[in-house]
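In case you want the letters, here they are:
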Amino acid sequence: MKLRDGGNRLISSKNLMKHFNPIFLLALAGSVFSQSTPPPAADGHWSKQQLTDNFWAEGVTAADVNKDGKLDVIYGPYWFEGPDFKRRHVIYPDTQRTKAKLEDGTEKEIEGFHGGKSVTNGYSNNFIAAACDINGDGWPDYIVTVFPGKETLWYENPQGRVEPWKKHVAFDVTDNESPMLVDINGDGRPDLLCMSRGHLGYATFDPKKPDEKWKWHAITPKFGFQRFTHGLGCGDVNGDGRTDILEVSGWWEQPKSLDDDSVWVKHEAKFGSKGGAQMYVYDVNGDGKPDVITSLDAHGYGLAWFEQTNDGWKQHLITGTPKEAGETSLVFSQPHAIEMKDMNGDGVLDIITGKRFWAHGNHSDPEPNAPAVLWWFELKREGGSAKFIPHLIDGDSGVGTQFYVGDLNADGKPDVVVGNKRGAFVHLQKK
């Protein structure tokens, strides 16, 4: 991570005090100048719990799995029982073992896949996670996108019985690195937003026929979309009350009727350089026009919001790149997962993101060994403009490809759960 001034000049340690509040600098201590320094200290408003240090998944979710009124964490083949998350239950077989290569060249068998315990890069069979009642029995089921280009599965909640969850194939080919479970067609049920076989679209399920594969609705002609395409999201961009779909080269307008599965109209735009992570539609500056929030490059740098103006889209950098400063003067790489939530109860949505830990291992991508930071950016609206205030949740966990934000302990404050190649972490907001 590096800090730059408003003129995009790297700030020396000698001049830091001229540019930043001392408390902010203390929060960043250890992460500003090099990849070998210790993790930065969080802002003191969070407690941290590591559920496992084994790599099982790049995503994580939460749901009341056993219907006891308390949220549980679901990561990889396990669900961790709330409210303390100490008791672990198996969802699907956890028999994967890996010969991890250590820094001294020796090998050691570990649970799970190659991750933070190995110098050899690897990937899991669990890329994106979500929870939803698929079969309408009142119990939350577990949805897993296995890996870009592969199937999406759902595991049927056994309704409190201690047994492996029944596996179902929901959809055969799920492309893009940021698929979402969101309601696209407005029927009140979440759909699988993704790309598949060159098309952008969504897949729907029928709770009355849960064993059937989900129905695919392509909204575009066959484009150059492939399994490792980055950047995907949805929201009402034009304010007509219908959910539009976003990707890095523009937004696709939902028609008045979805009956014939016709191609949607595309509106050209450039939301980033190479494509980032999840994309959101939100009126950032309160001017009545929906804007777009995303990262510019999931394996590079930059978090931004794109202001919708009468003359097109205007980019505002929140965190910067090595070539261009952002408004917060923060620069960290690999912002591969984003969530939005009102973190402080002021009625305005904030942004939560961080550095994906070892997306391609410990030697690829920019600054792979820099501190795995996790931030939330507080949105403040002032006089028709917007600014973001950074708050460091943690400096030594980061994100994966998707994570969860919600009130885990029912204290009225959103908490953050992440899963990546270092395992799974629960970050609780303190009162």
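Heads up: the structure comes first, above all this text.
Residues numbered from 1 in each chain as written. Predicted model: local features only at pLDDT ≥ 70, side-chain atom pairs only at ≥ 80, totals over all residues. Heavy atoms only, no water.

**Description of the overall build of the chain**
Then, in step 1: Each helix and strand in the chain was counted, giving two helices and 31 strands.
Then, in step 2: Computed over the C-alpha atoms, the radius of gyration of the chain is 21 Å, within 12% of the 22 Å expected from 2.2 N^0.38 for a compact globule of 431 residues.
Then, in step 3: Counting only C-alpha atoms and orienting by the principal axes, one finds that the chain spans roughly 65 × 60 × 40 Å.
Then, in step 4: Buried residues in the chain amount to 56% of all 431 residues.
Then, in step 5: Counting only contacts in the chain whose residues sit at least 6 apart along the sequence, the fraction spanning at least 24 positions is 47%.
Then, in step 6: Within the structure as shown, the chain displays about 17,800 Å² of accessible surface, and the carbon and sulfur contribution to it stands at 49%.
Then, in step 7: Between the mean site of the 47 positive side-chain charges and the mean site of the 60 negative ones, the chain shows a separation of 5 Å. (Helix = DSSP H or I, 4+ residues; strand = E, 2+ residues; numbered from the N terminus. Rg over C-alpha atoms; globule rule 2.2 N^0.38 Å. Buried < 20%, exposed > 50% of the residue type's maximum accessible area, 1.4 Å probe, protein only. Contact = heavy atoms within 4.5 Å. Areas by Shrake-Rupley, 256 points an atom, 1.4 Å probe, with all protein chains shown as cover. Lys, Arg positive; Asp, Glu negative; His and termini not counted. Charge placed at Lys NZ, Arg CZ, Asp CG, Glu CD.)

**Re the sheet that holds strand E12 (residues 166–182)**
Then, in step 1: Spatial strand order, E9-E10-E11-E12-E13-E14-E15: seven strands in an open sheet with antiparallel pairing. Two strands close off the open sheet at either side, each with one partner strand: strand E9 (128–132) and strand E15 (215–218). Direction aside, the axes of adjacent strands within the sheet are offset by 35° on average.
Then, in step 2: As paired strands, E9 and strand E10 (residues 141–145) are joined by five bridges and run antiparallel to one another. For Cys132, the partnering residue across the bridge sits in E10 and is Asp141. (Pairing = 2+ DSSP bridges. Axes fitted to C-alpha atoms, helices over the stretch in contact; angles between N-to-C directions.)

**Observations regarding the packing of aromatic side chains**
The description of an aromatic ring pair uses the distance of the two centres, along with the angle that the planes make with each other.
Then, in step 1: A complete count under the given rule lists 18 aromatic pairs for this structure.
Then, in step 2: On the basis of an interplanar angle of 65° and a centroid distance of 6.3 Å, the ring pair of Phe55 and Phe113 is categorised as edge-to-face. In this pair, Phe55 sits in the loop between strand E2 (46–52) and strand E3 (61–63) while Phe113 sits in the loop between strand E8 (107–111) and E9, placing the two residues 58 residues apart along the sequence. Comparing Phe55 with Phe113, the two get one shared label, buried.
Then, in step 3: Judged by centre distance (5.0 Å) and plane angle (25°), the rings of Tyr92 and Tyr155 are stacked. Of this pair, Tyr92 sits in the loop between strand E6 (87–90) and strand E7 (97–101) while Tyr155 sits in strand E11 (residues 150–156), placing them 63 residues apart in sequence. The two residues Tyr92 and Tyr155 agree in class, both being buried.
Then, in step 4: One aromatic cluster is present, formed by Phe55, Trp56, Tyr78, Phe80 and Phe113 through successive ring pairs.
Then, in step 5: Sitting above the plane of the Trp139 ring, Lys67 keeps its charged end 5.0 Å from the centroid.
Then, in step 6: Positioned above the aromatic ring of Tyr78 is the side chain of Arg88, whose terminal nitrogen or guanidinium carbon lies 4.0 Å from the ring centre. (Phe/Tyr/Trp six-rings, centres within 6.5 Å; stacked < 30°, edge-to-face > 60°. Lys NZ or Arg CZ within 6 Å of the ring centre and 35° of its normal.)

**Considering the pairing of strand E17 (residues 244–247)**
Consecutive side chains along a regular strand alternate between the two faces of the sheet.
Then, in step 1: Here E17 shows no split at all, with Asp244 and Leu246 on one side and Ile245 and Glu247 on the other all buried.
Then, in step 2: Bridging between strand E16 (residues 232–235) and E17 involves three bridges; their strand directions are antiparallel. Opposite Gly235, over in E17, you have Asp244 as the bridge partner.
Then, in step 3: Where E17 meets strand E18 (residues 250–253), three bridges bridge the pair, whose relative direction is antiparallel. Note that in E18 the partner of Glu247 across the bridge is Gly250.
Then, in step 4: Hairpin connection, E17 to E18: the antiparallel pair is bridged by two residues.

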